Amino acid sequence: MAGTASVAGEVFVDALPYFDQGYDAAGVREAAAALVEEETRRYRPTKNYLSYLPTPDFSTFETEIMRNEFERLAARQPMDLLSMKRYELPAPSAGQKNDITAWQECVNNSMAQLEHQAVRIENLELMSQYGTNAWKVYNDNLAFMIEMAQKELQKFRKQIQDLNWQRKNDQLAGGAKLRELESNWVSLVSKNYEIERAIIHLENEITTLRQQQGDENKENIRQDF
């Protein structure tokens with residue numbers, strides 16, 4: 001916990017969590033929670049902290065297909081089933097059995113699908129021949145990226161650990177210094193108290209001696225007369 005900063009980069013520390021004791025005492029956690037709850041209840045934001053930012057446009061990266069899909073989801077309509085019509089090879093209808101054009105369209109459709117399947121077979125052969133190496137390269141790249149990310153993570157974790165250790169050492173050193181200063185203060189206060197007692201005792205003795213001297217002077221004067 002830290003107090004209000006006086007200047008940029010300077011913070012007044014008013015607690016040493018690594019050194020202070022009593023955080024686990026009964027009622028401490030409840031008291032802290034009550035303070036936070038009270039401050040939360042009284043705090044009311046007075047302005048919009050995001051007012052300097054432009055109004056976000058969530059449709060910037062939407063495509064026509066995405067917009068149609070969002071509209072379908074908003075309307076709670078079911079998803080269209082996968083159409084298998086282009087893979088069908090329908091024969092001409094009964095009324096077109098003798099229509100050369102209809103038969104030609106069926107033949108063209110068959111040839112197109114046959115070519116499509118031939119292309120798929122070629123792609124599968126190419127993938128069988130070159131896909132393995134491509135996936136190996138891709139996996140190697142992923143493994144390299146994971147390794148770099150893990151190294152970066154370890155570096156940040158070490159920085160955090162070093163920072164926490166530095167904070168702990170600084171707080172323990174500061175706590176020991178505070179304890180030493182407190183002990184010196186108690187010792188000096190005790191010495192001041194003893195000095196004050198000695199002064200009062202001496203003043204009382206001086207007063208007593210002055211009274212005795214005054215009485216002796218009076219007695220001497222009386223004897224002279």
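As for the overall build of the chain
And then number 1: Across its full length, the chain holds 3 helices and 0 strands.
And then number 2: Radius of gyration (C-alpha) of the chain: 46 Å, far over the 17 Å computed for a compact globule of 225 residues.
And then number 3: With respect to the principal axes defined by its C-alpha atoms, the chain has extents near 175 × 45 × 35 Å.
And then number 4: Restricting the contact set of the chain to residue pairs at least 6 apart, pairs at least 24 apart contribute 37%.
And then number 5: As displayed, the chain has an accessible area near 21000 Å², and 59% of this comes from carbon and sulfur atoms.

Focus on the side chain of Gln113
And then number 1: Here Gln113 shows up in helix H3 (residues 100-224).
And then number 2: Within the local environment of Gln113, its side chain forms a polar contact with the backbone oxygen of Glu88, the two atoms lying 2.7 Å apart.

A few points about the pattern of salt bridges
And then number 1: Under the counting rule described, the total for this entry stands at 7 salt bridges.
And then number 2: For Arg72, the salt bridge goes to Glu69, with nearest N and O atoms at 2.3 Å. Here Arg72 and its partner Glu69 are both found in helix H2 (residues 64-74), 3 residues apart, which amounts to about one turn of the helix.
And then number 3: Linking Lys158 and Asp162 is a salt bridge whose minimum nitrogen-to-oxygen distance equals 2.9 Å. Taken as a pair, Lys158 and Asp162 lie in helix H3 at a separation of 4 residues, close to a single helical turn.
And then number 4: Through salt bridges with shared partners, one network takes in Glu38, Arg41 and Arg42.

A look at helix H1 (residues 28-42)
Every α-helix winds through 3.6 residues per turn, so residues three or four apart in the chain are directed the same way.
And then number 1: With 15 residues, H1 should cover 21 Å at 1.5 Å per step; its first-to-last C-alpha distance of 21 Å lies within 8% of that length.
And then number 2: Within H1, only 0 of the 15 residues are buried, which leaves the element largely exposed.

A short note on the packing of aromatic side chains
And then number 1: The final tally for this structure, using the stated rule, is 1 aromatic pair.
And then number 2: Judged by centre distance (5.4 Å) and plane angle (85°), the ring pair of Trp135 and Tyr138 falls under edge-to-face. Taken as a pair, Trp135 and Tyr138 lie in helix H3 at a separation of 3 residues, close to a single helical turn.
And then number 3: Over the ring of Phe156 we find Lys155; its NZ or CZ atom is 5.4 Å from the centre of that ring.

Some thoughts on the side chain of Gln171
And then number 1: Along the chain, Gln171 turns up in helix H3.
And then number 2: Those residues within four positions of Gln171 in sequence are excluded, and the remaining contacts are Leu16, Pro17, Tyr18 and Phe19.

Looking at the confidence of the model for the chain
And then number 1: Per-chain confidence: the chain averages 85 in pLDDT, with 91% of residues scoring 70 or above.
And then number 2: Confidence scores differ between elements of the chain, with H1 showing the lowest mean pLDDT of 86 and H2 the highest of 91.

A short note on the environment of Glu105
And then number 1: As for its position among the elements, Glu105 is in helix H3.
And then number 2: Classification of Glu105 as exposed rests on a relative accessible area of 53%.
And then number 3: For the pair Glu105 and Asp140, spaced 35 residues apart in sequence, the C-alpha separation works out to 49 Å.

Re the environment of Glu64
And then number 1: The topology assignment puts Glu64 in helix H2.
And then number 2: Since its relative accessible area comes to 49%, Glu64 is described here as partly exposed.
And then number 3: Through-space distance from the C-alpha of Glu64 to that of Asp99 is 40 Å; in sequence the pair is 35 residues apart.
And then number 4: Of note is the side chain of Glu64, whose polar atom sits 3.3 Å from the side chain of Arg67.

Calculation rules
- Residues numbered from 1 in each chain as written.
- Predicted model: local features only at pLDDT ≥ 70, side-chain atom pairs only at ≥ 80, totals over all residues.
- Heavy atoms only, no water.
- Helix = DSSP H or I, 4+ residues; strand = E, 2+ residues; numbered from the N terminus.
- Rg over C-alpha atoms; globule rule 2.2 N^0.38 Å.
- Contact = heavy atoms within 4.5 Å.
- Areas by Shrake-Rupley, 256 points an atom, 1.4 Å probe, with all protein chains shown as cover.
- Polar contact = N/O pair within 3.5 Å; in protein donor to acceptor, adjacent residues only side chain to side chain.
- Salt bridge = Lys/Arg side-chain N within 4 Å of Asp/Glu carboxyl O.
- Expected span 1.5 Å × (residues − 1).
- Buried < 20%, exposed > 50% of the residue type's maximum accessible area, 1.4 Å probe, protein only.
- Phe/Tyr/Trp six-rings, centres within 6.5 Å; stacked < 30°, edge-to-face > 60°.
- Lys NZ or Arg CZ within 6 Å of the ring centre and 35° of its normal.
- pLDDT = per-residue confidence, 0-100.

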